[in-house]
Amino acid sequence: MGKELRYWYIIIAVSAITQEFLLSTANVTNFITTIIMIVLNKIYFGKRASLFIQ
């Protein structure tokens, strides 16, 4: 019984850590994607603005 409980604790700990890791990598990916989109929008609208001004 004691051994089984210890294995359960290890399994729960590992799954919790991997979930946290997956969540953090997903957040980083979203953050990077958002930054890229903002930069692209600034470049695109900057070109559009200069076209309209001319």
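Let us look at the structure shown here. (Residues numbered from 1 in each chain as written. Predicted model: local features only at pLDDT ≥ 70, side-chain atom pairs only at ≥ 80, totals over all residues. Heavy atoms only, no water.)

With that out of the way, let us pick up the overall build of the protein chain. The helix and strand inventory of the protein chain stands at one helix and zero strands. Judged by the C-alpha coordinates and their principal axes, the protein chain covers about 80 × 5 × 5 Å. Burial status across the protein chain gives 0% buried among its 54 residues. (Helix = DSSP H or I, 4+ residues; strand = E, 2+ residues; numbered from the N terminus. Buried < 20%, exposed > 50% of the residue type's maximum accessible area, 1.4 Å probe, protein only.)

This structure, assessed with the given rule, holds one aromatic pair. When the ring of Y44 is compared with that of F45, the centres are 5.5 Å apart and the planes differ by 65°; the resulting orientation is edge-to-face. Residue classification places F45 among the partly exposed residues on the basis of a relative accessible area of 49%. (Phe/Tyr/Trp six-rings, centres within 6.5 Å; stacked < 30°, edge-to-face > 60°.)

Here the focus is a nonpolar patch on the surface. Together, V28, F31, I32, I35, I36, M37, V39, L40 and I43 line one region of the surface with nonpolar side chains, adding up to about 830 Å² of accessible area. In this fold, I32 is placed in helix α1 (residues 2-53). Here I32 falls in the partly exposed class, since its relative accessible area comes to 43%. (Patch = residues over 30% accessible without salt bridge, like charges linked within 9 Å, V, L, I, M, F, W, Y side chains within 5 Å. Areas by Shrake-Rupley, 256 points an atom, 1.4 Å probe, with all protein chains shown as cover. Salt bridge = Lys/Arg side-chain N within 4 Å of Asp/Glu carboxyl O.)

Attention now goes to the environment of S50. Assignment of secondary structure puts S50 in helix α1. Owing to a relative accessible area of 36%, S50 belongs among the partly exposed residues under this scheme. Counting along the chain gives 36 residues from S50 to V14, while the straight-line C-alpha distance between them is 54 Å.

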